[in-house]
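One-letter residues, chain by chain:
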Amino acid sequence: MTASGTHFGLARAALIPTAIATVDETALDAFVASIESGVKRGSRIWILGNGGSAAISDHFATDLAKINIDTGLGILPVSLCSNGPVLTALANDYGYADSFAHQVRAFAKSGDLVVAVSSSGNSENVIRAIQQAKQNGATAVGLSGFDGGRLAKEADISIHVRTEIGDYGTTEDAHSVICHAVSLQLRQLGERERTKTQ
């Protein structure tokens, strides 16, 4: 318990809305718009991150896939974290710093989206993946925390949650909320589109 009688964990949870309020809403709108336009082109969404951010990447890809299945919207998400054998083979053969970049180089096409999630914004394999995405002609989207790091500077669309450096819990929770908010908007779009065809 804290001095006020609030459980410590719940007191920490109060930091999440404050963190989310630091996000540039125009960047969030641009992210949703880029997915919507990508759907019309049949583009894929490649999502990646390390550790807790890898779990967020998998979760986000799952939510987007479920929207596609439920509504037929046409979202084509792939988490580059979910195939452990491929990820470890690339890390073993080429080094962990290029473990995502090799996948992006091989699979991402011009017009696709590559979404990188990183609390620090400085993970080398994430930065190299974003750089490769831009070389491939894909739109690079970065979800970062702390001070934004290199990811906030290099992403085409930067969704930066300003948090205390080292506060992974608040950052990851905020990233999860953002992904859920984006998923909700896309689900609503899918349901509207499905209604039009009935």
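Residues numbered from 1 in each chain as written. Predicted model: local features only at pLDDT ≥ 70, side-chain atom pairs only at ≥ 80, totals over all residues. Heavy atoms only, no water.

1. A look at the pattern of salt bridges
For side chains of opposite charge, pairing can occur when their charged atoms come near one another. For the structure on display, the rule yields seven salt bridges. Here Glu 124 ties to Arg 150 by a salt bridge, and the two come within 3.0 Å at their closest N and O atoms. Of the two residues, Glu 124 is situated in helix α7 (residues 124–136) and Arg 150 in helix α8 (residues 149–154); the sequence distance between them amounts to 26 residues. Given a relative accessible area of 31%, Glu 124 falls into the partly exposed group. A single salt-bridge network, built from bridges that share partners, covers Asp 98, Glu 124, Arg 128, Arg 150 and Glu 154. (Salt bridge = Lys/Arg side-chain N within 4 Å of Asp/Glu carboxyl O. Helix = DSSP H or I, 4+ residues; strand = E, 2+ residues; numbered from the N terminus. Buried < 20%, exposed > 50% of the residue type's maximum accessible area, 1.4 Å probe, protein only.)

2. Some words on the packing of aromatic side chains
Under the counting rule described, the total for this entry stands at three aromatic pairs. Here the aromatic rings of Trp 46 and Phe 107 are separated by 5.8 Å at their centres, their planes lie at 20°, and the arrangement is stacked. Pair noted here: Trp 46 is in strand β1 (residues 44–49) and Phe 107 is in helix α6 (residues 101–107), with a separation of 61 residues, a long-range link. Residue classification places Trp 46 among the buried residues on the basis of a relative accessible area of 8%. (Phe/Tyr/Trp six-rings, centres within 6.5 Å; stacked < 30°, edge-to-face > 60°.)

3. Here's the deal with the packing of helix α4 (residues 52–71) against helix α9 (residues 168–197)
Packing of α4 against α9 brings their axes to within 9 Å, and their N-to-C directions diverge by 10°. Classed by the angle they form, the pair α4 and α9 counts as roughly parallel. Here Gly 52, Ser 53, Ile 56, His 59, Phe 60, Asp 63, Leu 64, Lys 66, Ile 67, Asp 70 and Thr 71 of α4 come into contact with α9, specifically with Glu 172, His 175, Ser 176, Cys 179, His 180, Val 182, Ser 183, Leu 186, Arg 187, Gly 190, Glu 191 and Arg 194. Class assignment for the residues of the contact of α4 with α9 results in seven nonpolar, nine polar and seven charged. (Axes fitted to C-alpha atoms, helices over the stretch in contact; angles between N-to-C directions. Parallel < 35°, antiparallel > 145°, perpendicular 65-115°, else oblique. Contact = heavy atoms within 4.5 Å. Nonpolar A, V, L, I, M, F, W, Y, C, P; charged D, E, K, R; others polar.)

4. Overview of the nonpolar core
Core analysis: the biggest nonpolar cluster contains 31 residues, and Phe 31, Leu 143, Ile 159, Val 182 and Leu 186 have the highest contact counts within it. In contact with Phe 31, other than residues within four places in its own chain, are Phe 60, Leu 113, Val 115, Val 141, Leu 143, Ile 157, Ile 159 and Val 182. If you look at the next biggest cluster of nonpolar residues, it comprises 20 residues, including Trp 46, Leu 80, Ala 116 and Ala 133. (Core = buried A, V, L, I, M, F, W, Y, C linked by side-chain atoms within 4.5 Å.)

5. Observations concerning the packing of helix α3 (residues 25–41) against α9
Where α3 meets α9, the closest approach of the two axes is 11 Å, and the angle between their N-to-C directions is 45°. Between α3 and α9, the crossing angle belongs to the class labelled oblique. Once α3 is placed against α9, the crossing between them reads as right-handed. Across the interface between the two elements, Leu 28, Phe 31, Val 32, Ile 35 and Glu 36 from α3 touch Ile 178, Val 182, Gln 185, Leu 186 and Leu 189 from α9. (Left-handed = near helix turned anticlockwise from the far one by under 90°.)

6. Describing α3
The end-to-end C-alpha separation of α3 is 24 Å, in line with the 24 Å expected for 17 residues at 1.5 Å each. Those residues of α3 that sit buried are Ala 27, Leu 28, Phe 31, Val 32, Ser 34, Ile 35, Gly 38 and Val 39. For α3, the arc enclosing every buried residue in end-on projection is 155°, short of the 170-degree limit, so these residues lie on one face. Facing away from the buried side of α3, by more than 90 degrees, are the exposed residues Glu 25, Thr 26 and Lys 40. Phi for Gly 42, located one or two positions after α3, is positive at around 75°. (Expected span 1.5 Å × (residues − 1). Arc of directions from axis to C-beta.)

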